[in-house]
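A structural walkthrough
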Amino acid sequence: MKILVTGAKGFIGKNLIAELKNQKYEYIYEYDIDSSEEDLDKYCKDCNFVFHLAGVNRPKDEKEFLEGNFGFTSTLLETLKKHKNTCPVMISSSIHAEADNPYGKSKKMGENVMFKYRKETGAPVYVYRFHNVFGKWARPNYNSAVATFSYNIARGLPITINNRETIMNLVYIDDVIKELINALNGKPNIIENYCYAEPVYQIKLGEIADLLYSFKRSREERSVPKLDNPFIKKLYSNYLSYLEEDDFGYDLLMHKDHRGSFTEFLKSPDRGQVSINISKPGITKGNHWHHTKNEKFLVVYGTGVVRFRKIGEEKVIEYYVSGDKLQVIDIPVGYTHNIENLGTTDMVTVMWVNEIFDPNNPDTIYEEV
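Residues numbered from 1 in each chain as written. Predicted model: local features only at pLDDT ≥ 70, side-chain atom pairs only at ≥ 80, totals over all residues. Heavy atoms only, no water.

The next point concerns the sheet that holds strand β16 (residues 303-310). If you walk across this open sheet you meet the 5 strands as β17-β16-β19-β14-β21, and the pairing is antiparallel. What marks the edges here is a single partner per strand, and that holds for β17 (316-322) and β21 (365-366). (Pairing = 2+ DSSP bridges. Helix = DSSP H or I, 4+ residues; strand = E, 2+ residues; numbered from the N terminus.)

Quick look at helix α6 (residues 173-184) now. Between its terminal C-alpha atoms α6 stretches 16 Å, which fits the 16 Å expected from 12 residues at 1.5 Å a residue. With 9 of 12 residues buried, α6 is to be regarded as a mostly interior element. Taken together, the buried positions of α6 are occupied by Ile173, Asp175, Val176, Ile177, Glu179, Leu180, Ile181, Ala183 and Leu184. Count one or two residues on from α6 and you reach Gly186, which has phi positive near 80 degrees. (Expected span 1.5 Å × (residues − 1). Buried < 20%, exposed > 50% of the residue type's maximum accessible area, 1.4 Å probe, protein only.)

The next point concerns the sheet that holds strand β18 (residues 328-331). Remark on secondary structure: sheet strands pair via backbone hydrogen bonds, oriented parallel or antiparallel. Here 6 strands make up an open sheet; going across it, the order is β11-β12-β13-β20-β15-β18 and the pairing antiparallel. The open sheet has two edge strands, β11 (254-257) and β18, and neither has a second partner. Averaged over neighbouring strand pairs, the angle between their axes works out to 20 degrees when direction is ignored. (Axes fitted to C-alpha atoms, helices over the stretch in contact; angles between N-to-C directions.)

Along the chain, the position of Ile232 falls in helix α8 (residues 230-240). Owing to a relative accessible area of 17%, Ile232 belongs among the buried residues under this scheme. Expressed as a C-alpha distance, the spacing of Ile232 and Ile208, which sit 24 residues apart in the sequence, is 9.2 Å.

The quantities given are spatial measurements derived from coordinates; they are silent on function.
Next up, the structure:
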């Protein structure tokens, strides 16, 4: 299959082409503003499907709306008719097509010319009315407020919110691309003559800003947000794509002493925290128990032993551990426990605990195994 993508260098175009290549489509005609009329002619002659994503969002002059959102659409369709190519054509429109402004009017005109083309030629036409699309590779100060906010907050720049109560209807780029692939396969999501990408997330502008600021703080707090909400999960992925390239890494606080070190890696509000424990040869750590707090130990380097003794009993249980054979050791409540490095090198243990440490309620009682 030969696929023509107009607006190939734009936000949706780049994401779509990346996924088409990922799905092993080999013949992708990439058309953008720097392409020639000859390119368009050749592509329209050969293609088996058209993703018409080219358009204008924020022109310097309002006349560019008509030129980009209506004029080029007409040129594209006339070129297809010239070659008698009645392959399916998808066009990127907007929920704002009904708005009484230059942008909305230009989008509506683009839709109308598509429906007229379908009536004249019988070609399948998919008119997609997109909500506000967000995600990786969206241009700040152009594609969406989410892109602008993400870019600025990641860089410590100010953002402007005229009304925190403004309701945004958002759709994630991966969901858009999934829907476009559905259209390519002849299964578009059509509702009353128009196509839509789902799910659509409705959220206040102020709430979006608050979430993005919390993502920025999370790196300082060594935490990750609660990700059971699909929108927050997608917004967080979106935010990380706007980090500056020299800001991908951040330092952790290592608590060091003669025994080794202990470093908190990740905290989450509902999944506890993960830490990295390094023990020097011959060192034993622990010798305490918990009422409710529970842990998991995973030795990833070195050799050692984890010992347990149930409170009130004398029997000692031992689990020998090694980075050569990864084994998770559960630390049940009511058992005092320790971990000893039996090797000649540092022993590295990944430790998970079901709750973030609370100094006011540590739930840690000292007692030798």
